[in-house]
Amino acid sequence: MINEVAKILRKARKVAILTGAGVSAESGIATFRDPDGLWAKFNPMELASMKGFMSNPQLVWEWYQYRRKIIANAQPNAGHYAIAEMEKMFDYFSLATQNVDRLHHRAGSTNVIELHGNIIENYCIKCGEYYRKEINVEDKSLPKCESCGGQIRPAVVWFGEMLPQEALTKAYDASQIAEVYFSIGTSAEVYPAADLPRHAKRNGAVLIEINPNQTALSGYVDFKIAEPSAVALPKLMKLLKEE
Ligand code: BV8
Ligand code: ZN
């Protein structure tokens with residue numbers, strides 16, 4: 001399977017990728033829906049939503065601080081580095097991610113389209129101003145806006161919230177342009193991001209999934225590489241370079 005994918009990639013000029021929590025799994029960051037995933041311990045609607053935050057800001061803030069600490073100690077894995085390398089191998093390349101950990105950035109990917117925001121930055125709920133002060137992940141206290149005293153929140157997209165319009169448009173454009181589209185490490189259940197691989201296929205792209213498990217998308221893809229991304233992607237890179 002992976003040899004066929006390499007053959008297709010050799011001929012491709014326009015490639016786009018959508019990644020999810022699975023690409024960070026081998027960096028030690030829990031995914032959302034795997035049995036030991038983040039949501040398994042908490043109810044996602046409770047924590048990753050404005051309603052959840054407003055009803056219990058302290059709990060939700062501490063959950064994000066806990067995740068920031070894990071991310072700060074995590075390193076990009078071989079899958080992130082392979083994706084950063086891929087960027088230079090095609091005339092057109094686009095990477096959109098649902099992840100908020102910025103490991104793609106740390107692995108050297110540029111122009112990363114962040115569909116669900118990022119966990120590093122914060123802003124004020126009341127006036128929208130970005131919070132400039134350094135956040136200490138050990139600090140459990142809830143920061144307040146320096147301009148208006150409003151509640152500070154993480155710069156992620158919560159359930160029920162719109163995705164950043166510019167990011168979504170760019171990701172849709174990429175799914176329209178791509179000749180080969182990869183869905184990597186995502187259960188393809190959270191919309192509208194989950195529509196991107198489907199949109200790519202509707203627009204004539206060869207759709208490839210890299211995921212050790214079955215997903216909502218698996219029955220729909222042209223090729224499925226059922227391996228962890230940190231194993232499959234370096235293999236793919238090696239095959240491409242053997243050209
Ligand atoms: C919107 C940021 C509406 C925060 C996230 C009811 C109430 C409210 C909303 C809805 C509802 N029903 C439906 C909705 C819409 C909702 C949605 O789609 N819900 C789903 C659950 C049905 N969508 C939204 O709310 C979106 N907004 O629709 O706005 C609107 C419309 C008009 C006007 C106003 C509003 C917003 C969605 C964004 C939510 N934010 N994250 C945070 O991180 O704290 S979502 C969260 O899930 C993460 O971003 C995560 O990335 C994302 C998707 O999960 P995955 O990345 O796929 O991760 P998952 O664990 O699911 O899967 C991991 C996969 O990796 C698995 O398949 C596993 O097999 C694989 N894997 C494991 N190891 C590896 C691996 N793969 C490769 N290698 C490995 N080693
Ligand atoms: Zn403010």
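Note: the structure precedes this text.
Residues numbered from 1 in each chain as written. Chains lettered and ligands numbered in written order. Predicted model: local features only at pLDDT ≥ 70, side-chain atom pairs only at ≥ 80, totals over all residues. Heavy atoms only, no water.

A. Local environment of the site of ligand 1. Taken together, 35 residues surround ligand 1, and among them F32, R33, Y64, R67 and G160 come closest. H116 has a polar side-chain atom sitting 2.7 Å from an oxygen atom of ligand 1. Residue N213 places a side-chain N or O atom 2.7 Å away from an oxygen atom belonging to ligand 1. A total of 1500 Å² of accessible area belongs to ligand 1 in isolation, and the protein chains cover 76% of it. Among the residues forming the shell around ligand 1, the class breakdown is 15 nonpolar, 14 polar and 6 charged. (Near = heavy atom within 4 Å. Polar contact = N/O pair within 3.5 Å; in protein donor to acceptor, adjacent residues only side chain to side chain. Areas by Shrake-Rupley, 256 points an atom, 1.4 Å probe, with all protein chains shown as cover. Nonpolar A, V, L, I, M, F, W, Y, C, P; charged D, E, K, R; others polar.)

B. Quick look at the pairing of strand β7 (residues 206-210). Along β7, 4 of the 5 residues are buried, which leaves the element largely enclosed by surrounding structure. Bridge analysis of strand β6 (residues 180-184) against β7 gives 5 bridges, and the strand direction is parallel. Along β7, the bridge assignment pairs Y181 with L207. With respect to chirality, the unit in which β6 leads through helix α9 (residues 195-202) into the neighbouring parallel β7 is right-handed. (Buried < 20%, exposed > 50% of the residue type's maximum accessible area, 1.4 Å probe, protein only. Helix = DSSP H or I, 4+ residues; strand = E, 2+ residues; numbered from the N terminus. Pairing = 2+ DSSP bridges. Right-handed = clockwise from strand over helix to strand, strands pointing away.)

C. Layout of the pattern of salt bridges. Considering all chains together, one arrives at 11 salt bridges under this definition. A salt bridge links E114 to R102; the nearest nitrogen and oxygen atoms lie 2.8 Å apart. One end of the pair, E114, is in strand β3 (residues 113-114); the other, R102, is in the loop between β2 (92-97) and α7 (103-106), and 12 residues separate them in sequence. Exposure remark for R102: the relative accessible area of 24% places this residue in the partly exposed category. Across the pair E161 and R153 runs a salt bridge whose closest N-O atoms are separated by 2.7 Å. Within the structure, one salt-bridge network assembled from shared partners comprises R13, D91 and E179. (Salt bridge = Lys/Arg side-chain N within 4 Å of Asp/Glu carboxyl O.)

D. Quick look at the nonpolar core. Ranked by internal contacts, the top residues of the largest apolar core, which has 29 residues, are L9, V15, M86 and F182. At the level of elements, α1 (2-11), β1 (14-19), α6 (78-86), β2, β6, β7, β8 (223-225) and α10 (229-241) are the ones that each hand at least two residues to this core. Top contributing element to this core by residue count: α10, with 6 residues. Listed in part, the 22 residues of the second largest apolar core include L18, A171, Y181 and A188. (Core = buried A, V, L, I, M, F, W, Y, C linked by side-chain atoms within 4.5 Å.)

E. Just the sheet that holds β2, in detail. With parallel pairing, 6 strands are arranged side by side in an open sheet as β3-β2-β1-β6-β7-β8. Sheet topology places β3 and β8 at the edges, where each strand pairs with a single neighbour. Those strands touched by α1 are β1, β6, β7 and β8, and its axis lies near 120° from that of β8. Running at roughly 155° to β1, α6 makes contact with β1, β2 and β6 of the sheet. (Contact = heavy atoms within 4.5 Å. Axes fitted to C-alpha atoms, helices over the stretch in contact; angles between N-to-C directions.)

F. Spotlight on the side chain of S49. Mapped onto the secondary structure, S49 falls in the loop between α3 (44-47) and α4 (50-55). Residue classification places S49 among the buried positions, given a relative accessible area of 6%. Look past the residues within four positions of S49 in its chain and what remains in contact with it is P44, W158 and F159.

G. Here's a closer look at α6. By the burial criterion, the buried members of α6 are G79, H80, A82, I83, A84 and M86. For α6, the capping residue at the N-terminal end is N77, with a side-chain oxygen 2.7 Å from the backbone nitrogen of G79.

H. View of the packing of aromatic side chains. Per the counting criterion, the structure on display carries 4 aromatic pairs. Ring centres of Y123 and Y130 lie 5.8 Å apart, and the angle between their planes is 45°; this geometry places the pair in the tilted category. Overall, the relative accessible area of 37% leaves Y130 in the partly exposed class. Here the aromatic cluster, defined as three or more aromatic residues joined through ring pairs, consists of F53, W63, Y64 and W158. The ring of W63 has R67 sitting right over it, with the charged end atom 4.5 Å from the ring centre. Sitting above the plane of the W158 ring, R153 keeps its charged end 3.8 Å from the centroid. (Phe/Tyr/Trp six-rings, centres within 6.5 Å; stacked < 30°, edge-to-face > 60°. Lys NZ or Arg CZ within 6 Å of the ring centre and 35° of its normal.)

I. Inspection of α1 at higher detail. Considered for burial, the residues of α1 that qualify are I2, V5, A6, I8 and L9. On an axial view of α1, the arc spanned by its buried residues comes to 165°, and they lie on one face. Turned more than 90 degrees from where α1 packs its buried face, K7 and K11 sit exposed. Elements that come into contact with the buried residues of α1 comprise β1, α6, β6, β7, β8 and α10. (Arc of directions from axis to C-beta.)

No statement about biological role is implied by the geometric values presented.
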